[in-house]
Amino acid sequence: EWVINSPTLTSAKFWPGTLGKTANHAMVIAQLIDGEGKARGIHNFLVPLRSMEDHTLLPGVETGDIGPKIGYNNMDNGFASFKNVRIPRRNMAMRFATVDEMGKYGKVDGGSSSDAASKVAYITMMQVRAYIIHSSNEALAMACTIAIRYSAIRRQGYNGDAEKKRDTNAPNEFQVLDYRQQQYRLLPLLAASYAIFFTGKHVLARLKDIENQLVSGASSITKTVVGDIHATTSALKSYATTFTADGIEDCRKACGGHGFLVCSGLVELSNTYLQSCTVEGDNQMLPQQVVKVLLKLVAAVQSGDESLLKEYEMTDMNYLVDPLKALMEKGGDVPTKSTFAFPSDATAENFMDVPTLLAAFQHRSACLLLDVAMQLQSSMGTSSAQQAWNDALLAMARASRAHASYLLLRDFFNGLRDEKQKGKGSCLGPEEVTVLSQCLTLLALYWMDKFLQDFLQIQCLSSSHIPLMRKALLDAMTTLRPSAVGLCDARDFSDFRLKSALGKYDGDVYPAIMEAARRDPLNTEAGEGGVGLGYEESLKRLIVGGVGEYHASKGGSKEKQGVSGTMSRL
C-alpha cells in the first residue's frame, strides 16, 4: 500500500477543474518515499476521492470548491488535501519506475528509460499548453464573428456617395466596418485567429509525434528537441493567449454601447477566456523559459560546432541559426543591427511580399535574442548573475514575443502552402487560399506596425519606410474587407454557441437585443402594470405625495411626522 499525505497547507492542491464536487478520482503528483525511507522524487498516483456508490468523500480526503471566479463558474475548480489515505501499490503509474511488494524502488529497463520518463512528463505538460494555444483560435474567432457581423449591420455617419444613388434605395449611412479604425481593430484579429489555428494544429501534431517516438523508445528525441518544443509552447502560449484575451476585449469595445450588454455574448466569452493567461504558466513568466532554451542555441552558434548545430535541424528554432551566424560574423559597432533590411528605394509593393515580411520577422527575432545574450554578458561583469537576469527580463519578453510571432506567421504560411500542394485533396479551394493569404499579409503588416520600435531598433527598416509600410497596411485592409463576413461565416459557429444578439447569422440584430431586454428578470418578474420590484418598500415613499425634508415628531408638536414637500427630488 501507499499512504498519501498532505502534511502542510502548501502541500494541498488548489485549482484543478472538477476537483471541487465532481471528480471521484485524482492523479496525484507526490514525493515518493520508498521502503528504505529514501525520497525518490515526484511520481504519479491514482487516488480515489469519493465513493462510487453515493459520491461521499472517502476517509482522509478533503475536497471542496474554491469559490466564485471572474468567469468560468460552471467549472468546479477545487482544493484537495489528504490525511493518511491508503491506496493499493499498483495505483502508482509504473511505466518508467516501479516499487515492488517489499518497497524496493527501481527503474524500468535497468534505468535506461529514466531520461524518457522525464521527457514524457514534460510532454504531458506541454500538451495542455498546446491545447490552450489551439483553443485560442476559436475564442478569438467567436469574438471576431460577433463584432464583424455587428459592424456590418450597424450604420453610422452620413455617406454622401450613397445619397447620390437614392434612386437605388441605397442607405445613406456608412457601415461601421467601412471605417478604417474599425478595420484596424477587427480585421487583424480575424487574421490572427486563422494563424493561431494553423500553428495550434502544427504544434499538436508535432507533440503527438514526439510522444509516440518517446514511448516506442526512439533515440532521435534528444533533450534539444524536447527543449525546443518546450520553448515553442511556452512562447506561443504566452503570446497567443495574451493577444486573444486583449483581442476579445477589443471586439467588445468595437461594438460600442451594445458590447457592454451581457446579451452581446462578448462579456461571458471574455470572462471565461481570461483564465487562459494564467493557467499552465503565467504569461509574464513564461518568456524566461523560452529565452533560457534559445540562449543555448546562441551558445551553440558561438561555438561554431557544426555537429552541435546539427541537433537543431529538426527544431522550430532552427530558423535562427543563419541570421545569428551572420550577426556574429558581421560584428561592428552595432552587433545587433540586422543583416537584412528593406532597400532604400523600396515601394509599398515590397511590403506586400510575404517571404520578405517573413525574413524581416526572422531577423527581428534573431537580433532581439542576441540583444538579450549581450545584455546578460555585459551585466554580469558589474552585478550578480541573478541581478543581471532580473535586469534582462524586459528584453526577454520582447525576444519571446518576436519568436512567437514569427512561428505564427511561418506556420500560417506553411499551412497554406501545404493545402495548396494538396490540390483537389485539400479542403480549401484556390479562392480560399487566396483570401487566407491576404489574411497572412495583413497580420504581418499589422504586427510590424504595432511593434515598429523593434524593426527600427535593429535597423531592418528606416523612418522613410514607415509611410510605405502603412500604405501597404491600408491596401491589405481594403483587399480583405469584402471577405470579412465570409471569413467569419466559414468558422460555422451556430447562434446557439455564440449566444449573442449582436452576432446572429441572419443579421436581425435589433429585434434580438430588444427580445433579450424583455427577458430580463427585472421585466419578467415585475408586478401588475409593470411595477418594479422594491417599489412598495423603497421607491413609493420617495414619490407619492411629493418629496421633501423628513420631519421627526417632537414632544407635543402637531407637526406631521415624515416626508413633506411637493417637489419630487427625482
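All values derive from a computational prediction rather than experimental measurement. (Residues numbered from 1 in each chain as written. Predicted model: local features only at pLDDT ≥ 70, side-chain atom pairs only at ≥ 80, totals over all residues. Heavy atoms only, no water.)

Caption draft 1: Just the environment of G37, in detail. As for its placement among the helices and strands, G37 is situated in the loop between β3 (25–33) and β4 (39–48). Residues G37 and E329 lie 292 residues apart in sequence; the distance between their C-alpha atoms is 55 Å. (Helix = DSSP H or I, 4+ residues; strand = E, 2+ residues; numbered from the N terminus.)

Caption draft 2: Highlighting helix α14 (residues 466–480). Here α14 is 15 residues long and its end C-alpha atoms lie 21 Å apart, about the 21 Å a rise of 1.5 Å per residue gives. Among the residues making up α14, those that are buried are I466, M469, A472, L473, A476, M477 and L480. Projection of α14 onto a plane perpendicular to its axis shows the buried side chains occupying an angular sector of 140°, all on one side. Structurally, α14 contributes buried residues whose contacts are with α3 (180–215), α12 (430–450), α13 (452–457) and α15 (484–489). (Expected span 1.5 Å × (residues − 1). Buried < 20%, exposed > 50% of the residue type's maximum accessible area, 1.4 Å probe, protein only. Arc of directions from axis to C-beta. Contact = heavy atoms within 4.5 Å.)

Caption draft 3: Main features of the packing of α3 against α12. Contact pair α3 / α12: the axes reach a minimum separation of 8 Å and the direction vectors enclose 115°. Helix-helix and strand crossings are classified by hand; for α3 and α12 the assignment is left-handed. For the pair formed by α3 and α12, the contact residues are Y184, L187, P188, A191, A192, Y194 and A195 on the first element and L436, C439, L442, L443, Y446, D449 and K450 on the second. Taken together, the residues of the contact of α3 with α12 sort by class into 12 nonpolar, no polar and two charged. (Axes fitted to C-alpha atoms, helices over the stretch in contact; angles between N-to-C directions. Left-handed = near helix turned anticlockwise from the far one by under 90°. Nonpolar A, V, L, I, M, F, W, Y, C, P; charged D, E, K, R; others polar.)

Caption draft 4: Region of the structure containing a nonpolar patch on the surface. Residues M27, I29, I42 and L46 make up a contiguous nonpolar surface patch of roughly 400 Å² in combined accessible area. Within the residue set of the nonpolar patch, elements represented by two or more residues are β3 and β4. Its place among the elements puts I42 in strand β4. (Patch = residues over 30% accessible without salt bridge, like charges linked within 9 Å, V, L, I, M, F, W, Y side chains within 5 Å. Areas by Shrake-Rupley, 256 points an atom, 1.4 Å probe, with all protein chains shown as cover. Salt bridge = Lys/Arg side-chain N within 4 Å of Asp/Glu carboxyl O.)

Caption draft 5: Representation of the pattern of salt bridges within the structure. Under the definition given, this model contains 24 salt bridges. Among the ionic pairs, D228 bridges to R206, the shortest N-O distance being 2.8 Å. Here D228, found in helix α4 (residues 223–254), pairs with R206, found in helix α3; they are 22 residues apart in sequence, far enough to count as distant. A residue is classified by how much of its surface remains accessible, and D228, at 0% relative accessible area, is buried. A single network of salt bridges, built from pairs that share partners, joins R206, D228, D316, R410 and D411.

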